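Read off the chains here:
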Amino acid sequence: MTEVALSAYSAFYLYLIMLLVQWAVATFSKAKEPNAVPGKISDDLSHDSFIFRAHRTFHNTLENSALFIGTVLFAFVINYQSPIFAMCVWVYVIARLIHMALYYVIATEKNPSPRSYFFLIGVLANVVMLVMIGLRLIA
């Protein structure tokens, strides 16, 4: 296995661990509440509630996972190995980690919030990866 492939695999693994952590934080923070119903949060909650923010962090990551996971797995299947691609995978994962941390600590209804910029960095990294794969396919 090349260093480039190992780097991309490591970043992807970290992403999956991050997803597991987000699920655990969302699940267990809500489970501590009295009368907690699995899979449902109160409609009365908003950004001032950590339970709401943990739930939204996890679901926001899930909403963005399909494109990222699909992009990365497609690259792995076609054995696309590029240092720039691997760097984009790392940029995406780091942007999502910062997005997660900011969502956990900043209670704001403001849009864009500070986390929005890291969401956009992640989207941009994913678009670059898709373009790189597309260029590889037509070459």
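Residues numbered from 1 in each chain as written. Predicted model: local features only at pLDDT ≥ 70, side-chain atom pairs only at ≥ 80, totals over all residues. Heavy atoms only, no water.

> Could you clarify how one ought to interpret the overall build of the protein chain in this entry?
A tally of helices and strands in the protein chain yields four helices and zero strands. Judged by the C-alpha coordinates and their principal axes, the protein chain covers about 55 × 30 × 20 Å. The buried share of the protein chain, taken over its 139 residues, is 38%. Carbon and sulfur atoms make up 69% of the accessible area of the protein chain, which totals about 8000 Å². Of the charged side chains in the protein chain, 9 are positive and 7 negative; the average position of the first set lies 5 Å away from that of the second. (Helix = DSSP H or I, 4+ residues; strand = E, 2+ residues; numbered from the N terminus. Buried < 20%, exposed > 50% of the residue type's maximum accessible area, 1.4 Å probe, protein only. Areas by Shrake-Rupley, 256 points an atom, 1.4 Å probe, with all protein chains shown as cover. Lys, Arg positive; Asp, Glu negative; His and termini not counted. Charge placed at Lys NZ, Arg CZ, Asp CG, Glu CD.)

> I tried to follow the packing of aromatic side chains on my own but got confused; where do I start?
Two measures describe an aromatic ring pair: the distance that separates the ring centres and the angle between the ring planes. A full pass over the atoms with the stated rule returns nine aromatic pairs. Judged by centre distance (6.1 Å) and plane angle (40°), the ring pair of Phe12 and Phe68 falls under tilted. Placement of Phe12 in helix 1 (residues 3-31) and of Phe68 in helix 2 (residues 50-77) is noted, with a sequence separation of 56 residues between them. For the pair shown, Phe12 and Phe68 are each scored as buried. Aromatic pair Tyr15 and Tyr92: ring centres 5.8 Å apart, planes at 55°, arrangement tilted. You can see Tyr15 sitting in helix 1 and its partner Tyr92 sitting in helix 3 (residues 83-105), a full 77 residues away along the chain. For the pair shown, Tyr15 and Tyr92 are each scored as buried. Positioned above the aromatic ring of Tyr103 is the side chain of Arg115, whose terminal nitrogen or guanidinium carbon lies 3.7 Å from the ring centre. (Phe/Tyr/Trp six-rings, centres within 6.5 Å; stacked < 30°, edge-to-face > 60°. Lys NZ or Arg CZ within 6 Å of the ring centre and 35° of its normal.)

> Would you take a moment to explain the side chain of Asn126 for this structure?
Its location among the elements puts Asn126 in helix 4 (residues 114-138). Here Thr71 takes part through its side chain, which lies 3.0 Å from a polar atom of the side chain of Asn126. Ignoring anything within four residues of it in the chain, the contact list for Asn126 reads Leu67, Phe68, Thr71 and Tyr92. (Polar contact = N/O pair within 3.5 Å; in protein donor to acceptor, adjacent residues only side chain to side chain. Contact = heavy atoms within 4.5 Å.)

> Explain the UniProt feature "transmembrane region" (unreviewed entry) in the protein chain to me, please; I cannot follow it from the model alone.
Following the UniProt record, one finds the feature "transmembrane region" (unreviewed entry) at residues 6-25, 84-105 and 117-138. The span residues 6-25 is 100% helix and 0% strand, and its two end C-alpha atoms sit 28 Å from each other. A helix fraction of 100% and a strand fraction of 0% characterise residues 117-138, whose end C-alpha atoms lie 32 Å from each other. (UniProt positions renumbered as here; feature names shortened; annotations may be inferred.)

> Looking at this model, I keep getting lost on the packing of helix 3 against helix 4. Mind explaining?
The relative placement of two packed helices is expressed as an angle between their axes plus a distance between the axes. For the pair helix 3 and helix 4, interaxial distance at closest approach is 8 Å and the crossing angle is 160°. Taken together, the axis directions place helix 3 and helix 4 in an arrangement best described as roughly antiparallel. Our pair here, helix 3 against helix 4, has a crossing hand that is left-handed. For the pair formed by helix 3 and helix 4, the contact residues are Ile84, Phe85, Cys88, Val89, Val91, Tyr92, Ala95, Arg96, Ile98, His99, Leu102 and Tyr103 on the first element and Pro114, Arg115, Phe118, Phe119, Ile121, Gly122, Ala125, Asn126, Val128, Met129, Met132 and Ile133 on the second. The residue inventory of the contact of helix 3 with helix 4, partitioned by class, reads 19 nonpolar, three polar and two charged. (Axes fitted to C-alpha atoms, helices over the stretch in contact; angles between N-to-C directions. Parallel < 35°, antiparallel > 145°, perpendicular 65-115°, else oblique. Left-handed = near helix turned anticlockwise from the far one by under 90°. Nonpolar A, V, L, I, M, F, W, Y, C, P; charged D, E, K, R; others polar.)

> Would you mind showing me how to read the side chain of Thr57 here?
Tracing the backbone shows Thr57 in helix 2. Judged by relative accessible area, Thr57 falls into the buried class, the value being 0%.

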